[in-house]
Amino acid sequence: NYAHTPKMAIACLLLGFAGAQVGKLNLPDATSGAIVEGLVGQQTDLPLAEVQRLPASAWKSWRGGDHVVGRHGIELWLRLTMRNHGDVPQAGVLDCGDYFADRVEAWLETNDGKWTRLISGEAVADGEKALSGRDLASPVIVPARGERVVYLRVTDFFGPVTFPAWWPDERDFHAAKARGL
């Protein structure tokens, strides 16, 4: 009986659109030119200033397609370079794609050359988080025709895991979260 076929097709389309994460770019992303690098020989208790002084050879390019996985008791450090080829700044959200990390710290350089730290994670009180809720996410503004470097330190008792994604328009991120995606 094919009488239900049009109804099923419409239902599938609606569910597909409702479940779509429109605007999300898994990183690294060739279209935007975003780069993800991981610190080779992961460390513990490494301060940001020391991480920034590391030579290029200390970082390994990550090609994406799967989670970045650390080891128990070790910090996972990532350096992300977000690029904006457009004429207006992108007010987006950098999302770590995992609910269960104990702590994620994102460092962003401000316009005056200082670094600001944004925090999220399961072990972080909601009032201390950059964005309220369970998401391991931080707001990031990438200047028009420019780039923004973000350093991420991910820690978790059982071993840090992340699958970084970029939402160039923060409204898309919040809309997806409102739908429970």
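Note that the structure is predicted; figures quoted are calculated from it, not measured.

Parameters and conventions
Residues numbered from 1 in each chain as written. Predicted model: local features only at pLDDT ≥ 70, side-chain atom pairs only at ≥ 80, totals over all residues. Heavy atoms only, no water. pLDDT = per-residue confidence, 0-100. Contact = heavy atoms within 4.5 Å. Core = buried A, V, L, I, M, F, W, Y, C linked by side-chain atoms within 4.5 Å. Buried < 20%, exposed > 50% of the residue type's maximum accessible area, 1.4 Å probe, protein only. Helix = DSSP H or I, 4+ residues; strand = E, 2+ residues; numbered from the N terminus. Phe/Tyr/Trp six-rings, centres within 6.5 Å; stacked < 30°, edge-to-face > 60°. Pairing = 2+ DSSP bridges. Axes fitted to C-alpha atoms, helices over the stretch in contact; angles between N-to-C directions. 1 Å grid on protein atoms, 1.4 Å probe; cavity = no way out; pocket = protein on both sides within 12 Å on 5 of 7 lines; lining within 4 Å. Points joined across faces, edges and corners; volume = space filled by probe spheres on them. Polar contact = N/O pair within 3.5 Å; in protein donor to acceptor, adjacent residues only side chain to side chain.

### Some remarks on the confidence of the model for the chain
- Counting all residues, the mean pLDDT for the chain is 84, and 86% of those residues have values of 70 or more.
- Confidence over residues 11–19 falls short of pLDDT 50; this stretch has three contacts with residues more than four positions distant or in other chains.

### Observations concerning the nonpolar core
- If you look at the biggest cluster of nonpolar residues, it comprises 23 residues, and the most contacted ones within it are Leu27, Leu80, Met82, Leu94, Val150 and Leu152.
- At the level of secondary structure, the elements contributing two or more residues to this core comprise strand S5 (76–84), strand S7 (103–109), strand S9 (137–142) and strand S10 (146–155).
- With four residues, the top contributor of residues to this core is S5.
- Residues within four places of Leu80 in sequence aside, it is in contact with Leu27, Ile35, Val36, Leu94, Arg148, Val149, Val150, Leu152 and Pro164.
- If you look at the next biggest cluster of nonpolar residues, it comprises nine residues, including Leu46, Val51, Trp59 and Trp107.

### A look at the packing of aromatic side chains
- Taken as a whole and judged by the stated rule, the model has six aromatic pairs.
- Relative to Phe173, the ring of Trp167 lies with its centre 5.7 Å away and its plane at 75°, an arrangement referred to as edge-to-face.
- In textbook terms, an aromatic cluster arises when at least three aromatic residues are bridged by ring pairs, as seen for Trp59, Trp115 and Tyr151.

### Considerations on the sheet that holds strand S1 (residues 25–26)
- Strand order across the open sheet formed by four strands is S1-S12-S6-S9, with antiparallel pairing between neighbours. Pairing within the sheet leaves two strands with one partner each, and these edge strands are S1 and S9.
- Summarising the sheet, strand S6 (residues 90–95) and S9 pair through six bridges and their orientation is antiparallel. Opposite Val93, over in S9, you have Pro139 as the bridge partner.
- Most of the contacts of helix H3 (residues 170–178) go to S6, to which it runs at about 45°, and overall it touches S6, S9 and strand S12 (165–167).

### What about empty space enclosed by the protein?
- In this structure the tally under the stated criterion is one cavity of 30 Å³ or more.
- Contributing to the lining of the largest cavity are Leu94, Cys96, Val104, Ser120, Leu136, Ala137, Ser138 and Leu152.

### Some points on the sheet that holds S5
- If you trace the six strands from one edge of the open sheet to the other, you get S3-S2-S5-S10-S7-S8, paired in antiparallel fashion. Pairing within the sheet leaves two strands with one partner each, and these edge strands are strand S3 (59–61) and strand S8 (115–120). Put simply, the sheet's adjacent strands are angled 25° from each other on average, direction ignored.
- Bridge analysis of strand S2 (residues 35–39) against S5 gives four bridges, and the strand direction is antiparallel. Directly across from Val36, in S5, lies its bridge partner Leu80.

### Observations concerning the side chain of Arg153
- You can see Arg153 is positioned in strand S10.
- A polar atom in the side chain of Arg153 sits 2.9 Å from the backbone oxygen of Leu46.
- The residues contacting Arg153, other than those within four sequence positions of it, are Asp45, Leu46, Glu75, Leu76, Trp77, Arg103, Val104, Glu105 and Trp107.

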